[in-house]
Amino acid sequence: MSRLAPEPVLAEAPNASPAAGAVPRHVAIIMDGNGRWAARRHLPRVAGHRAGAKAVRRTIAAAIDHGVAWLTLFAFSSENWRRPEGEVADLTGLLRQYLRTEVAELHRERVRLRIIGDRSRFGPEITRELSEAEALTRGNDRLQLIVALSYGGRSEIAAAARAIAEAAAAGRIDPATIDETSFGRFLFTADVPDPDLIIRTSGEYRVSNFLLWQSAYAEFVFPEILWPDFNAKHFEEALAEFARRDRRYGARSD
Ligand code: IPE
Ligand code: IPE
Ligand code: MG
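Before going into details, it helps to say that this report is about the structure given with it. (Residues numbered from 1 in each chain as written. Chains lettered and ligands numbered in written order. Predicted model: local features only at pLDDT ≥ 70, side-chain atom pairs only at ≥ 80, totals over all residues. Heavy atoms only, no water.)

### Points about the site of ligand 2
Right, on to step 1. Around ligand 2, the surrounding shell consists of Ile30, Met31, Asp32, Phe74, Ala75, Phe76, Asn80, Arg83, Arg200, Arg206 and Ser208.
Right, on to step 2. Within the side chain of aspartate 32, a nitrogen or oxygen atom sits 3.2 Å from an oxygen atom of ligand 2.
Right, on to step 3. Between ligand 2 and arginine 83 there is a distance of 3.3 Å, counted from an oxygen atom to a side-chain nitrogen or oxygen.
Right, on to step 4. Considering ligand 2 on its own, with 390 Å² of exposed area, one finds that the protein chains cover 79% of that surface.
Right, on to step 5. According to the grid-proximity analysis, the pocket containing ligand 2 is the largest pocket.
Right, on to step 6. With 3 residues, strand β2 (residues 70-77) is the largest single contributor of residues to the shell around ligand 2. (Near = heavy atom within 4 Å. Polar contact = N/O pair within 3.5 Å; in protein donor to acceptor, adjacent residues only side chain to side chain. Areas by Shrake-Rupley, 256 points an atom, 1.4 Å probe, with all protein chains shown as cover. 1 Å grid on protein atoms, 1.4 Å probe; cavity = no way out; pocket = protein on both sides within 12 Å on 5 of 7 lines; lining within 4 Å. Sits in = over half its atoms within 2 Å of the grid points. Helix = DSSP H or I, 4+ residues; strand = E, 2+ residues; numbered from the N terminus.)

### Here's the deal with the pairing of strand β4 (residues 143-151)
Right, on to step 1. In terms of burial, β4 is a largely internal element, 9 of the 9 residues being buried.
Right, on to step 2. Note: β2 against β4, 7 bridges, orientation parallel. Residue phenylalanine 74 lies in a different strand from β4, and its bridge partner there is alanine 148.
Right, on to step 3. Note that strand β3 (residues 111-116) and β4 share 6 bridges and pair parallel. Note on β4: the bridge partner recorded for isoleucine 115 is valine 147. (Buried < 20%, exposed > 50% of the residue type's maximum accessible area, 1.4 Å probe, protein only. Pairing = 2+ DSSP bridges.)

### Details of helix α3 (residues 85-108)
In an α-helix, one full turn covers 3.6 residues, which means residues spaced three or four apart are oriented alike.
Right, on to step 1. Relative to the 34 Å expected for 24 residues at 1.5 Å per residue, α3 spans 35 Å between its end C-alpha atoms, a close match to the ideal helical length.
Right, on to step 2. In α3, a bend of some 45 degrees at glutamate 102 exceeds every other bend along the element.
Right, on to step 3. Turning to α3, its buried residues are Glu87, Val88, Leu91, Thr92, Leu94, Leu95, Tyr98, Leu99, Glu102, Val103 and Leu106.
Right, on to step 4. Of the surrounding secondary structure, the elements contacted by the buried residues of α3 are α2 (45-65), β2, β3, α4 (124-137) and β4.
Right, on to step 5. Looking one or two places after α3, you find arginine 110, whose phi comes out positive at around 60 degrees. (Expected span 1.5 Å × (residues − 1). Bend = angle between axes of the 7 residues up to and from the residue. Contact = heavy atoms within 4.5 Å.)

### Observations concerning the layout of surface pockets
Right, on to step 1. Approximately 830 Å³ is the volume found for the largest pocket.
Right, on to step 2. For the largest pocket, the lining is made up of 40 residues, of which Met31, Phe74, Ala75, Phe76 and Leu91 are closest to its centre.
Right, on to step 3. Contributing elements (two or more residues each) for the lining of the largest pocket: α1 (34-40), α2, β2, α3, β3 and β4.
Right, on to step 4. Among the elements that line the lining of the largest pocket, the one with the most residues is α3, at 8 residues. (Points joined across faces, edges and corners; volume = space filled by probe spheres on them.)

### So, the pairing of strand β1 (residues 26-30)
Right, on to step 1. Counting buried residues along β1, 5 of its 5 residues qualify, which places the element largely inside the surrounding structure.
Right, on to step 2. Here β1 shows no split at all, with His26, Ala28 and Ile30 on one side and Val27 and Ile29 on the other all buried.
Right, on to step 3. Alignment of β1 against β2, held across 5 bridges, turns out to be parallel. When the bridges of β2 are listed, isoleucine 30 appears paired with phenylalanine 74.
Right, on to step 4. Examined bridge by bridge, β1 and strand β5 (residues 197-200) share 4 bridges and lie parallel to one another. Across the sheet, residue isoleucine 29 finds its bridge partner in β5, namely isoleucine 199.

### Re the packing of α2 against α3
Right, on to step 1. Direction vectors running N to C along α2 and α3 enclose 25 degrees, while the axes themselves pass 10 Å from each other. Classified by the angle between their axes, α2 and α3 sit roughly parallel to one another. Considering the relative orientation of α2 and α3, their crossing is right-handed. In contact with Arg45, Val46, His49, Arg50, Val56, Arg57 and Ile60 of α2, α3 contributes Glu87, Asp90, Leu91, Leu94, Tyr98, Glu102 and Leu106.
Right, on to step 2. Per-class residue counts for the contact of α2 with α3 are 7 nonpolar, 1 polar and 6 charged. (Axes fitted to C-alpha atoms, helices over the stretch in contact; angles between N-to-C directions. Parallel < 35°, antiparallel > 145°, perpendicular 65-115°, else oblique. Left-handed = near helix turned anticlockwise from the far one by under 90°. Nonpolar A, V, L, I, M, F, W, Y, C, P; charged D, E, K, R; others polar.)

### Looking at the pattern of salt bridges
Two side chains of opposite charge can pair, provided their charged atoms sit close to one another.
Right, on to step 1. Summed over all chains, the structure comprises 22 salt bridges.
Right, on to step 2. Close ionic contact of arginine 110 with aspartate 141 constitutes a salt bridge, the shortest N to O distance being 2.9 Å. Within this pair, whereas arginine 110 is found in the loop between α3 and β3, its partner aspartate 141 is found in the loop between α4 and β4, the two being separated by 31 residues in sequence.
Right, on to step 3. The exposure class assigned to aspartate 141 is exposed, which follows from its relative accessible area of 54%.
Right, on to step 4. Each of Asp196, Glu219, Glu241, Arg244, Arg245 and Arg247 takes part in salt bridges that share partners, so that together they form one network. (Salt bridge = Lys/Arg side-chain N within 4 Å of Asp/Glu carboxyl O.)

Here you go:
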């Protein structure tokens, strides 16, 4: 697994994150409920995934409107390969279509796109298109959009441990110096601030292997809505809920 970013890290302390009342700097979303959305309409699951792609567009626009700097979208987990072959093919096809129709627009909107996860599992063509989209949008600074594809938090952490062990065995790292900050540099998110707010739609209250390390002090919001129905109003409500939270990071609040 390659690291996301070779550039210097920000190495943010958790308490450098936005305080209550502020706009979250980094919002991450577990976009769940496409299948149920389709089932309720007696449509095939792929119709739900297609409608989910429209919700992605709305959400990117809402993040820009609200001045959110980082948006991470969980689009496909490392466990989603376990789904029936037909559904995986539908999702892969939609990904390819999305790349071909949306990247130019993202670039026009000055959005920088990055991928976390094991992109190579989607095959050489999609791997190349993803890397080209990253290269094209590299200089953009309006919104940092991270899409998690074939991503799993545990495998990300295990890969980081493996890379550190290899570096230590080769004498490039002194094991005594390994701490949270240096460990974080081996993750995909090396130069990315931790998510402040994680939204999961569809009424499921679990993390499903998403950003396990990075979510240590994230605030969680669970809108009772299926992902294809998610819109700017739901995004705003999640930001409002975040603004009401009291982030303590283990310290006392009085
Ligand atoms: C989320 O919707 C999309 C992916 C996980 C790829 P689901 O496909 O999980 O929809 P539900 O949870 O079955 O309703
Ligand atoms: C999590 O949703 C992954 C994505 C949204 C991409 P799942 O639908 O795969 O998660 P589980 O299976 O309900 O935990
Ligand atoms: Mg689901």
